[in-house]
Amino acid sequence: MDLFVQMTVNGLQIGSVYILFALGLTLIFGVMQVVNFAHGALFAIAAYTAYVILTYGADHLPGVPAWLLYIGSFAVATVLLGLIGIALYYAFFKRFAGDLISTLIVTIGFALVVEVIVRETFSAQPKSVPPVVEGRLSLLGASVTWERVVIFVVAIAVTVAVAAFVRTTMTGTALRAVTSDAEAAALQGINVTRIALVGVLLATTLAAVAGVLIAPATVVTPTMGFEFLMKGFVIIILGGLGSLTGAIYGGLLVGMAESVGTQMLDLTTATIFTFCVVILVLLFRPQGLMGHAEL
Amino acid sequence: MNRVTTLRKLTAPVLVAGLALPLAACGGEAGGGAEDGVVVFGLSAPLSGDAAGWGSASKWLAEKAADEINAAGGIETEDGSVEIEIVIQDNEYTAAGGARAAQTLLTREKVDMIAFSVGTAPVQALQSMTERQKVPMMTSAWGKDLKGPDFPYTFTVINTPFEVLRPLAEYVLEAEGGFESIALLGVNDATGIQSEEVAQEVWAELGVEVVSSDFYEHGTTEFAPIATKLLRTKPDAIDLTTVTPGPAGLLLQALEDQGWDGPTLLSAGTGGQALVEAASGAAEGVYMGLAADFSDTNATEKQQELQAGLEKATGEDLNGVTIGAYDGVIALAAAIEEAGTIESDAVREALTEITFESSWGAAAFGAEDVYGAKQQILTPMIVTQVRGDAIVEVERIVPAELESLQ
């Protein structure tokens, strides 16, 4: 019983981290058909932003509470990533929208440049960021940190908020229209360029949320973006490229598969097991769990 | 028109990729090759990816050793003094990257010797060329089968689990009042697998049952399920063997979250301060076999100087692996001076005979009884333990073979 509960808790806590990471990745694909390898780099920049601000705060601002520094980190990361997103959009995404190969090359190149700059600036040593909340929750013999509970709640809340935004607002409706058929949306008078930029900014904001929030639950390294990126792509392909609800199902499924597979198999086979589950799902649902590009 | 548009479309991505690749491999600049009055030492180390910190630290340390020797007039040979030039290639810490680095160093750069090489898989790729071309190679690689009479040009310049694990295990068993079972975890690569074999052997010889042994994949970001699995076997102790500092920190946090407070070892872990940073307090009490604190007063003056200089220049801490880059250059220089030539067979022969002044003090190559040839550096073995934010030296063992040489 304890093991079953712990496996479930492990699966949920892993899944919530994956969901948070995958949301921005799937959104930008849905809106612009961009395979965004830069998402991992943006995520890493946000995590380092939290590291810098939290470390500076601990050293120089002893009276300022940690939660305020986190909010500050999130604000700074959102602005910083937003500016980078705008630059990426006008320099590359706008010109190569829908061109998978070109955007793939550009975003991989961008991610490599960021990795080198981060490594030269902060060294390759892993950095730790203090948790937003301390302590752990015991649940039916299983244990999970409050930090992970917060991530889970925020992941769900962010997903609900993004889903509400795209379903209930005019801008969100326009986003969905562009995702569905950009040319038809343009013919209806939607400013596709502006809406695509909104999509990019939404994706960079999600990268900022993920980077700042996941940073305390992991170690911050120059390569952390690539490590999460591989799982992120698996999740959005599994959930359905461009689908927000698909990212949730995909994240939870991969998280649970990792948790269960680890207990049943040796760790190498468990890694393969996760991918076998993904392949199995895609055999029956090639378009992913929720289908393609359904914001 | 279409062709022009296509070209314009392709220009930017190709330019970005073109900018990125040299940046990713920065440090891999071409060297000059062997010339009169110059001996070229090659380094094969990771400059990109997870282990990039080892590469940048190794480069700085090798260049520091070369600068010191060059500033003192170079290496004296029968043909006059020669200066050292360092060339480094990124081996990406992979077999494929190691093969590319080997080709570049030996074929294009035509280095005279390899002063340092990092990572078992890339070193194996390099070794297949150095042995064939009779190029002396200093390495940090741990594999027992990398050395011996079949590989006479290969020398290890750091302590390995074969030297460290037994004294570490004996110390921990005594310090913890004895225990009966242990769970092992390592990284699924050549280094991890070979270290695990040593760990299995040593713990069995000491009468400790290995209740589980597993390997995690590079790139793993979530460790709670692995912690659950380790604890399921109810071990008295856990040995994280080759787990690198970042993942080890996360795993220790997950173990603590799930209630673990037993003896924990990172027997082949090298980055003590990095572990403390990554574990956020969960590393308290962890024993390590290759993670001396080189800023501590127990370290030699030279090591303290190197630690301070390296930290200032690169932000990296000196550790049990990268220290080998400094000692590799020093050992080769001493051997060339002893041989009076840079001819490889003479240098190889001299390496097995000299006692030289390493960062640890007097050192030599020995351990013929273990490897079948004198190819393992003899330096003190240091057992450390995490106490608070500090890496505390709890035991220092000088090999009897080294003591007999002093």
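Computed from a predicted structure; not experimentally measured. (Residues numbered from 1 in each chain as written. Chains lettered and ligands numbered in written order. Predicted model: local features only at pLDDT ≥ 70, side-chain atom pairs only at ≥ 80, totals over all residues. Heavy atoms only, no water.)

Q: I keep staring at the overall build of chain A and nothing clicks. Help me out?
A: Each helix and strand counted, chain A has eleven helices and two strands in total. From first element to last, N terminus to C terminus, chain A shows the α and β order α-α-α-α-β-β-α-α-α-α-α-α-α. Taking 295 residues into account, the globule formula puts the C-alpha radius of gyration at 19 Å, and chain A, at 19 Å, falls close to it. For the C-alpha atoms alone, the extent of chain A along its principal axes is close to 60 × 50 × 35 Å. The buried share of chain A, taken over its 295 residues, is 56%. As displayed, chain A has an accessible area near 11600 Å², and 72% of this comes from carbon and sulfur atoms. Computed over 11 positive and 13 negative side-chain charges, the inter-centroid distance for chain A is 7 Å. (Helix = DSSP H or I, 4+ residues; strand = E, 2+ residues; numbered from the N terminus. Rg over C-alpha atoms; globule rule 2.2 N^0.38 Å. Buried < 20%, exposed > 50% of the residue type's maximum accessible area, 1.4 Å probe, protein only. Areas by Shrake-Rupley, 256 points an atom, 1.4 Å probe, with all protein chains shown as cover. Lys, Arg positive; Asp, Glu negative; His and termini not counted. Charge placed at Lys NZ, Arg CZ, Asp CG, Glu CD.)

Q: Please explain the sheet that holds strand β15 (residues 381-387) of chain B as it appears in this structure.
A: Two pairing modes exist for strands in a sheet, parallel and antiparallel, and in both the strands are linked by backbone hydrogen bonds. Residue and element names in this part refer to chain B. Here seven strands make up an open sheet; going across it, the order is β8-β7-β9-β10-β11-β15-β16 and the pairing mixed. Strand pairing shows two members of the sheet lacking a second neighbour, β8 (209-216) and β16 (390-397), which therefore form its edges. As judged from the three bridges shared by strand β7 (residues 181-187) and strand β9 (residues 237-239), these two strands associate in the parallel manner. The residue bridging Ala183 from the neighbouring strand is Ile238, located in β9. In the packing of helix α7 (residues 224-232) onto the sheet, contacts are made with β7, β8 and β9, and the angle to β7 comes to roughly 150°. (Pairing = 2+ DSSP bridges. Contact = heavy atoms within 4.5 Å. Axes fitted to C-alpha atoms, helices over the stretch in contact; angles between N-to-C directions.)

Q: Whenever I open this one, the domain arrangement of chain B confuses me. Can you help?
A: Buried accessible area, meaning the area lost when the parts come together, often serves as the stated size of an interface. All names here are of chain B. Along its sequence, chain B is carved into domain 1 (38-158 + 298-379) and domain 2 (161-288). Once you take the C-alpha centre of each, domain 1 and domain 2 turn out to be 29 Å apart. Every contact between the two is made by 16 residues of domain 1 and, on the other side, 14 residues of domain 2. With both sides pooled, the region where domain 1 packs onto domain 2 buries about 1200 Å², and carbon together with sulfur makes up 57% of that total. Taken together, the links from domain 1 to domain 2 amount to zero salt bridges. Linking domain 1 with domain 2 are one residue pair in polar contact (both at pLDDT 80 or more). Among the elements that line the side of domain 1 that touches domain 2, the one with the most residues is helix α4 (residues 120-130), at three residues. (Domains from an automatic or database assignment. Buried area = accessible area lost by both parts, 1.4 Å probe. Salt bridge = Lys/Arg side-chain N within 4 Å of Asp/Glu carboxyl O. Polar contact = N/O pair within 3.5 Å; in protein donor to acceptor, adjacent residues only side chain to side chain.)

Q: Help me out: how do you make sense of the packing of aromatic side chains in this one?
A: The relation between two aromatic rings is expressed through the spacing of the ring centres and the mutual angle of the planes. Considering all chains together, one arrives at 16 aromatic pairs over all chains under this definition. Between Phe21 of chain A and Phe228 of chain A, the aromatic rings sit 5.8 Å apart at their centres with planes inclined by 35°, giving tilted as the arrangement. Of the two residues, Phe21 of chain A is situated in helix α1 (residues 2-32) and Phe228 of chain A in helix α9 (residues 224-239); the sequence distance between them amounts to 207 residues. A relative accessible area of 1% means that Phe21 of chain A is categorised as buried. The rings of Phe21, Phe43 and Phe228 of chain A are connected pair by pair, giving a single aromatic cluster. The ring centre of Tyr371 of chain B lies 4.0 Å from the NZ or CZ of Lys147 of chain B, which sits over that ring. (Phe/Tyr/Trp six-rings, centres within 6.5 Å; stacked < 30°, edge-to-face > 60°. Lys NZ or Arg CZ within 6 Å of the ring centre and 35° of its normal.)

Q: Quick question: what am I supposed to make of the interface of chain B and chain A here?
A: With 48 residues of chain B in contact, the opposing surface of chain A contributes 48 residues. Surface buried jointly by chain B and chain A totals about 3800 Å² across both partners, of which 59% is contributed by carbon and sulfur atoms. Summed over the shared surface of chain B and chain A, the result is one salt bridge. The partner of Arg148 of chain A in a salt bridge is Glu222 of chain B, and the shortest N-O contact between them spans 2.9 Å. Between chain B and chain A we count 14 residue pairs in polar contact (both at pLDDT 80 or more) in total. Put simply, the parts of the chain that give the side of chain B that touches chain A at least two residues each are α1 (2-24), α2 (52-71), β8, α7, α8 (245-257) and α9 (272-279) of chain B.

Q: Where do I start with the packing of α9 of chain A against helix α11 (residues 267-284) of chain A in this structure?
A: Two numbers describe a pair of packed helices, the interaxial angle and the distance between the axes. Residue and element names in this part refer to chain A. Viewed as axis vectors pointing N to C, α9 and α11 meet at an angle of 25°, and their least axial separation amounts to 10 Å. As far as their axial angle goes, α11 and α9 are roughly parallel. Considering only the axes of α9 and α11, their crossing is left-handed. Facing α9, whose interface residues are Val234, Ile237 and Leu238, α11 presents Phe275, Val278, Val281 and Leu282. (Parallel < 35°, antiparallel > 145°, perpendicular 65-115°, else oblique. Left-handed = near helix turned anticlockwise from the far one by under 90°.)

Q: Hey, could you run me through the environment of Ala282 of chain B in this one?
A: Residue and element names in this part refer to chain B. Inspection of the secondary structure puts Ala282 in the loop between α9 and β11 (287-288). Separated by 25 residues in sequence, Ala282 and Asp257 place their C-alpha atoms 9.2 Å apart. Residues within four places of Ala282 in sequence aside, it is in contact with Leu252, Gln253 and Glu256.

Q: Mind showing me how you'd approach the pairing of strand β12 (residues 355-358) of chain B here?
A: In regular strands, side chains alternate between the two faces of the sheet. All names here are of chain B. Of the two faces of β12, only one is covered, namely that formed by Phe356 and Ser358; the face formed by Thr355 and Glu357 stays uncovered. Where β12 and strand β13 (residues 361-366) come together, four bridges link them in antiparallel fashion. If you follow Glu357 over to β13, its bridge partner there is Ala362. Counting the residues that bridge the hairpin from β12 to β13 gives two residues.

Q: Just checking my understanding: could you explain the pattern of salt bridges for this structure?
A: Residue and element names in this part refer to chain B. Under the defined criterion, the tally for this structure stands at 16 salt bridges over all chains. With a shortest N-O distance of 3.2 Å, Lys64 and Glu305 are connected by a salt bridge. Separated by 241 residues along the polypeptide, Lys64 in helix α2 and Glu305 in helix α10 (residues 301-314) bring together distant segments of the chain. Among the salt bridges present, the one from Arg396 reaches Glu393, with a minimum N-O distance of 2.8 Å. Overall, the relative accessible area of 34% leaves Arg396 in the partly exposed class. Accessibility expressed as a relative area gives 22% for Glu393, which makes it partly exposed. Taken together, the shared-partner salt bridges connect Lys64, Glu68, Lys302 and Glu305 into one network.

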